[in-house]
Amino acid sequence: MVSKNIENALNEQIRVEAESSQIYLAMACWAEVKGLEGVANFMYSQSQEERDHMLKLIKFVNERGGHAHVSELKAPNVTFKSFQEMFEKLYEHEVYVSESINELVHISLQEKDYATHNFLQWYVAEQIEEEAMARTILDKINLIGNDKGGLYLFDRDIEQLTINSAASTGTV
Ligand code: FEO
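Since this is a predicted model, take the numbers as computed values, not measurements.

Caption draft 1: Focus on the confidence of the model for the chain. Looking at the chain as a whole, the pLDDT averages 94, with 97% of positions reaching at least 70. Considering each helix and strand of the chain separately, the mean pLDDT is smallest for helix H5 (residues 148–168), with a value of 83, and largest for helix H1 (residues 4–33), with 98.

Caption draft 2: Layout of the environment of Lys74. For Lys74, the location among the structural elements is in the loop between helix H2 (37–63) and helix H3 (83–110). In this structure the C-alpha to C-alpha distance between Lys74 and Glu19, which are 55 residues apart in sequence, comes to 6.8 Å.

Caption draft 3: Region of the structure containing the UniProt feature "binding site: Fe cation" (unreviewed entry) in the chain. The UniProt entry lists Glu17, Glu50, His53, Glu94 and Gln127 under the feature "binding site: Fe cation" (unreviewed entry), expressed in the numbering used here. With the annotated positions falling across 111 residues, the maximum pairwise C-alpha distance of 13.0 Å places them together in a single cluster. Judged by its relative accessible area of 0%, Glu50 falls in the buried class. Non-local contacts of Glu50, meaning those with residues more than four positions away in its chain, are made with Glu17, Ser20, Ser21, Tyr24, Glu94 and Glu130. Of the residues examined, His53 reaches a relative accessible area of 3% and is grouped as buried. In this structure, His53 is in contact with Glu17, Trp122, Tyr123, Glu126 and Glu130, ignoring residues within four places of it in sequence.

Caption draft 4: Quick look at the pattern of salt bridges. For the structure on display, the rule yields five salt bridges. Here Glu85 makes a salt bridge to Lys81, at a shortest N to O gap of 3.4 Å. On the basis of relative accessible area, Glu85 is assigned to the buried category, the value being 16%. Close ionic contact of Asp139 with Arg135 constitutes a salt bridge, the shortest N to O distance being 3.3 Å. Residue Asp139 and its partner Arg135 are both found in helix H4 (residues 114–144); the two are separated by four residues, about one turn of the helix. For Asp139, a relative accessible area of 38% puts it in the partly exposed group. Several salt bridges share partner residues, and in doing so they unite Glu12, Arg15 and Glu19 into one network.

Caption draft 5: Structural detail: the packing of H1 against H2. Closest axis-to-axis distance for the H1/H2 pair is 8 Å, and the angle between their directions is 165 degrees. Between H1 and H2, the angle is such that the two are roughly antiparallel. Pair H1 / H2 crosses with left-handed handedness. Residues that form the contact of H1 with H2 fall into these classes: 18 nonpolar, six polar and five charged.

Caption draft 6: A look at the nonpolar core. One finds Val39, Met43, Phe83, Met86, Phe87 and Phe154 to be the most contacted residues of the largest nonpolar core, which totals 23 residues. At the level of elements, H1, H2, H3, H4 and H5 are the ones that each hand at least two residues to this core. The contact partners of Phe83, leaving out residues within four places of it in the chain, are Trp30, Ala31, Lys34, Leu36, Val39, Ile141 and Leu151. Within the second largest apolar cluster, 21 residues are counted, among which are Ala9, Leu10, Ala68 and Ile101.

Thresholds applied
Residues numbered from 1 in each chain as written. Predicted model: local features only at pLDDT ≥ 70, side-chain atom pairs only at ≥ 80, totals over all residues. Heavy atoms only, no water. pLDDT = per-residue confidence, 0-100. Helix = DSSP H or I, 4+ residues; strand = E, 2+ residues; numbered from the N terminus. UniProt positions renumbered as here; feature names shortened; annotations may be inferred. Buried < 20%, exposed > 50% of the residue type's maximum accessible area, 1.4 Å probe, protein only. Contact = heavy atoms within 4.5 Å. Salt bridge = Lys/Arg side-chain N within 4 Å of Asp/Glu carboxyl O. Axes fitted to C-alpha atoms, helices over the stretch in contact; angles between N-to-C directions. Parallel < 35°, antiparallel > 145°, perpendicular 65-115°, else oblique. Left-handed = near helix turned anticlockwise from the far one by under 90°. Nonpolar A, V, L, I, M, F, W, Y, C, P; charged D, E, K, R; others polar. Core = buried A, V, L, I, M, F, W, Y, C linked by side-chain atoms within 4.5 Å.

Structure below.
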């Protein structure tokens with residue numbers, strides 16, 4: 001059974017994951033209309049992953065005797081000045097999500113809710129990976145800058161990254 005405090009905190013995280021999914025969906029659309037198909041596919045796949053993160057939390061809350069809430073979401077940014085700016089936003093957002101998960105872990109320890117604490121470890125590990133990936137991509141895009149040829153190759157590479165990561169998580 002989750003306490004009211006934990007239930008509220010988990011519901012807040014459900015909102016964060018849902019908003020993340022929308023943020024990446026908007027990035028996917030922007031990349032798609034700009035003609036970078038690889039980047040768009042990467043973002044569509046990130047958006048789907050965030051939805052899965054949300055669903056995992058929803059199931060947990062409901063299974064533990066709470067009630068998962070589906071809430072109104074803040075509209076995401078739909079345009080960007082550059083791909084560089086878009087990937088900066090992606091990285092910053094993942095750092096924010098990590099902080100949010102850390103806070104949840106902190107609350108679960110305060111409340112001595114070890115079941116929730118244990119459940120959250122998956123998110124802690126996931127955030128390490130997501131932050132590292134966002135950092136790597138940002139470093140690459142910073143090197144490329146506005147070079148069109150570089151961007152073309154980057155678009156091809158990132159598509160490969162999407163295929164590999166989907167294969168390793170068994171989603172293809
Ligand atoms: Fe679910 Fe990328 O955080």
